[in-house]
Amino acid sequence: MMIGVLGLQGDFREHLWALQKLNAEAIVVKTVEDLKRVSGLIIPGGESTTIGRLARITGIADELHKRVIQGMPVYGTCAGMILLAKRIANYPNQYSFGLMDIVVERNAYGRQVESFEVDLPIQVIGGKFKAIFIRAPKIVECGDKVEILAEYNGSPVFVQQDNLLAGSFHPELGNDLRVHEYFLRMVGVKYAGVH
Amino acid sequence: MEKGTWTVKTGFADMFKGGVIMDVTTAEQAKIAEEAGAVAVMALERVPADIRKAGGVARMASIAKIKEIMQAVSIPVMAKVRIGHIAEARILEALGVDFIDESEVLTPADDRFHINKHEFKVPFVCGARDLGEALRRIAEGAAMIRTKGEAGTGNVVEAVKHMRRVMDDIRKVTTMLDDELVAYAKEIGAPVELVREVKRLGRLPVVNFAAGGVATPADAALMMILGADGVFVGSGIFKSKDPSKMARAIVMAVTYWNDPEMLLKVSEDIGEPMPGLEVEELEVRMQERGW
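Attention here is on the structure that accompanies the text. Everything numeric here is computed off the predicted structure, so don't read it as measured data.

Cut-offs applied
Residues numbered from 1 in each chain as written. Chains lettered and ligands numbered in written order. Predicted model: local features only at pLDDT ≥ 70, side-chain atom pairs only at ≥ 80, totals over all residues. Heavy atoms only, no water. Helix = DSSP H or I, 4+ residues; strand = E, 2+ residues; numbered from the N terminus. Rg over C-alpha atoms; globule rule 2.2 N^0.38 Å. Contact = heavy atoms within 4.5 Å. Areas by Shrake-Rupley, 256 points an atom, 1.4 Å probe, with all protein chains shown as cover. Lys, Arg positive; Asp, Glu negative; His and termini not counted. Charge placed at Lys NZ, Arg CZ, Asp CG, Glu CD. Buried area = accessible area lost by both parts, 1.4 Å probe. Salt bridge = Lys/Arg side-chain N within 4 Å of Asp/Glu carboxyl O. Polar contact = N/O pair within 3.5 Å; in protein donor to acceptor, adjacent residues only side chain to side chain. Nonpolar A, V, L, I, M, F, W, Y, C, P; charged D, E, K, R; others polar. Pairing = 2+ DSSP bridges. Buried < 20%, exposed > 50% of the residue type's maximum accessible area, 1.4 Å probe, protein only. Axes fitted to C-alpha atoms, helices over the stretch in contact; angles between N-to-C directions. Disulfide = S-S within 2.5 Å. Phe/Tyr/Trp six-rings, centres within 6.5 Å; stacked < 30°, edge-to-face > 60°.

**Section: the overall build of chain A**
- Across its full length, chain A holds six helices and 12 strands.
- For chain A, whose C-alpha radius of gyration is 15 Å, the value lies close to the compact-globule estimate of 16 Å for 195 residues.
- Contacts spanning at least 24 positions in sequence make up 62% of the contacts within chain A whose residues lie at least 6 apart.
- Put simply, chain A shows about 7200 Å² of open surface, and 46% of that area lies on carbon and sulfur atoms.
- Here chain A carries 21 positive and 21 negative side-chain charges, and the mean point of each set is 4 Å from the other.

The structure is reproduced here in structure tokens:
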């Protein structure tokens, strides 16, 4: 089974490398045809306005809607999480895919000088994880079907809703592959563990 | 919880990859850039082509100008400081700009030293023409590198020269024996630890963008073909006939740089690009600023 990383803009290569380290078969998705080949998709960090615009004009957004309804697992990090959200609280007119029952706030921790790293307890992956927050979004509302997997300062920062996974932080920038492993388990891929 | 770490700085630069950073001089231009899909804007008093025309001393943009642009858009805002101007950089950090460009486009404030960028929480980008210059800037704390090219000319030849030289130097390092690295580091004026890291990674340890003369979608795609992680477009957008169209086309070209059909499609109907200048005829070569 093939995993895709949406490669319209952002740090998609870091996600690709993480998947490759876990021996998963992975490709960069830039077109609708690419998207049709994959069984799971990661939407990377980057600028949500840029990625959203390109996904819309290339038809990738429409195809993604179809696939998610059919049950394809998708994991969004930072900009990816913003794009999965049904609404962006502080930019209500900004386009998003609207696939997840969460409302997010963009740049919720401030501008770049406020970006930070912190050890975050995440039970589903076995405990403490070095989480890197860069001009990060915060989840301000969750629907009933949304399970909170991690919180920081009382706000959810890592959540799951059935086949959809979303986080404010960037596991692809570190060497700890447990969040990617968790996503691969969601996709049901056979892979060789690394740790 | 830790702010302003090296990971947070270089990680932020990673988020720009595959994107276009556009020079803007008003809130209205910033909005056009954001709507076209820019990943960040560079807030300026004047674009480089006009700095070149105006002559005199070019300094950091006015605070009012940068604030106006920061309030206008949701995407990151960068601003330039003069080479070595620690106080301009402190002011921009206090203002909360997301990235500082210690730039040869402005008149240098120090003719020997660059800013010690490690001392700041805000990340810096710096220009380079070869691997030695890039690694000196990284040693000083730059979290992102761009080619210098020759800003404000609409002539891509210098950006190409600098990107090719950096890539060529990297290829050379990757094939060198470990025995040769110390002498090579001395030759290019770079710390040997960083030369070793380049050999290990097969690339620069930070993101490397193209800048300085990109004027068309084809120019932007060319820089991506040569190995750039993304592109800065200075005068090329708002000195063209139809900035919004040009901006959208360049954004597409940077994503689909390896898809000729798409490049053809986005290169049609972009209007007239900015007028270009011959590099040999320039009175000021901005690329020579930096030590």
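Once you've had a look at it, read on.
**Notes on the interface of chain B and chain A**
- Listed by partner, the interface residues are 42 residues for chain B and 37 residues for chain A.
- In this assembly, chain B packs against chain A so that about 3100 Å² is buried in total across both faces, 55% of it on carbon and sulfur atoms.
- For chain B, the biggest contributors to the area lost against chain A are Met15, Lys17 and Ser74 of chain B; these three give 21% of the whole.
- Counting every contact that joins chain B to chain A gives four salt bridges.
- The salt bridge involving Arg135 of chain A is made with Asp98 of chain B; its shortest N-O contact spans 2.9 Å.
- Counting across the interface, chain B meets chain A through 23 residue pairs in polar contact (both at pLDDT 80 or more).
- Going through the elements one at a time, strand E1 (2-3), helix H1 (6-14), helix H2 (27-36) and helix H12 (243-255) of chain B are the ones with two or more residues in the side of chain B that touches chain A.
- Per element, the largest residue contribution to the side of chain B that touches chain A is six residues, and it comes from H1 of chain B.
- Tallied by class, the residues present in the side of chain B that touches chain A amount to 18 nonpolar, 11 polar and 13 charged.
- Here two bridges tie strand E7 (residues 116-122) of chain A to E1 of chain B, and the two strands are oriented antiparallel to one another. When the bridges of E1 of chain B are listed, Glu117 of chain A appears paired with Glu2 of chain B.

**Comments concerning the sheet that holds E1 of chain B**
- Within the open sheet, the three strands sit side by side as E8(A)-E7(A)-E1(B). Their pairing is antiparallel. Both edges of this open sheet fall to strand E8 (127-133) of chain A together with E1 of chain B, since each of them pairs with a single strand only.

**Examining the pattern of salt bridges**
Residues and elements named next belong to chain B.
- In the structure shown here, the tally under the stated rule is 32 salt bridges over all chains.
- The residue Arg90 makes a salt bridge to Glu93 at a minimum N-O spacing of 2.8 Å. Residue Arg90 and its partner Glu93 are located together in helix H5 (residues 86-95), separated by three residues, close to a single helical turn.
- By relative accessible area, Arg90 is classed as partly exposed at 34%.
- Look at the salt bridges and you will find they share partners, linking Lys80, Asp101, Glu104 and Arg146 into a network.

**Some thoughts on unusual backbone geometry**
- The phi torsion at Arg135 of chain A lies on the positive side, around 40°, for a residue other than glycine.
- Within the secondary structure layout, Arg135 of chain A lies in the loop between E8 and strand E9 (138-142).
- Non-glycine residue Asp269 of chain B carries a positive phi angle of around 60°.
- You can see Asp269 of chain B is positioned in the segment after helix H13 (260-267).
- For Asp269 of chain B, a relative accessible area of 60% corresponds to the exposed category.

**Notes on the sheet that holds strand E2 (residues 20-24) of chain B**
Residue and element names in this part refer to chain B.
- Within the open sheet, the eight strands sit side by side as E8-E7-E6-E5-E4-E3-E2-E9. Their pairing is parallel. In this open sheet, the two edge strands, each paired with only one partner strand, are strand E8 (207-209) and strand E9 (231-233). The sheet shows a mean angle of 30° between the axes of neighbouring strands, taken without regard to direction.
- Relative to E9, E2 runs parallel, the two sharing three bridges.

**A word on helix H3 (residues 48-58) of chain A**
All names here are of chain A.
- With eight of 11 residues buried, H3 lies mostly within the body of the structure.
- Among the residues making up H3, those that are buried are Ser48, Thr49, Thr50, Ile51, Gly52, Arg53, Leu54 and Ala55.
- Of the residues trailing H3, Gly59 is marked for its positive phi of about 85°.

**What about the state of the cysteines?**
Residue and element names in this part refer to chain A.
- Summed over all chains, the structure comprises zero disulfides over all chains.
- A disulfide-free cysteine, Cys142 has its sulfur positioned 16 Å from the sulfur of Cys78, the nearest such atom.
- Owing to a relative accessible area of 32%, Cys142 belongs among the partly exposed residues under this scheme.

**Observations regarding helix H6 (residues 178-187) of chain A**
All names here are of chain A.
- Counting buried positions over the 10 residues of H6 gives eight, a clear majority of the element.
- Taken together, the buried positions of H6 are occupied by Arg178, Val179, His180, Glu181, Tyr182, Phe183, Leu184 and Val187.
- Positive backbone phi, approximately 80°, marks Gly188, located one or two places after H6.

**Some remarks on the packing of aromatic side chains**
All names here are of chain A.
- For the structure on display, the rule yields 17 aromatic pairs over all chains.
- A ring pair is formed by Phe129 and Phe169, whose centres lie 6.0 Å apart and whose planes are at 50°; its orientation type is tilted. Here Phe169 lies in the loop between strand E12 (164-167) and H6 and Phe129 lies in strand E8, a separation of 40 residues in the sequence. Summarising the burial analysis for this pair, Phe129 and Phe169 share the class buried.

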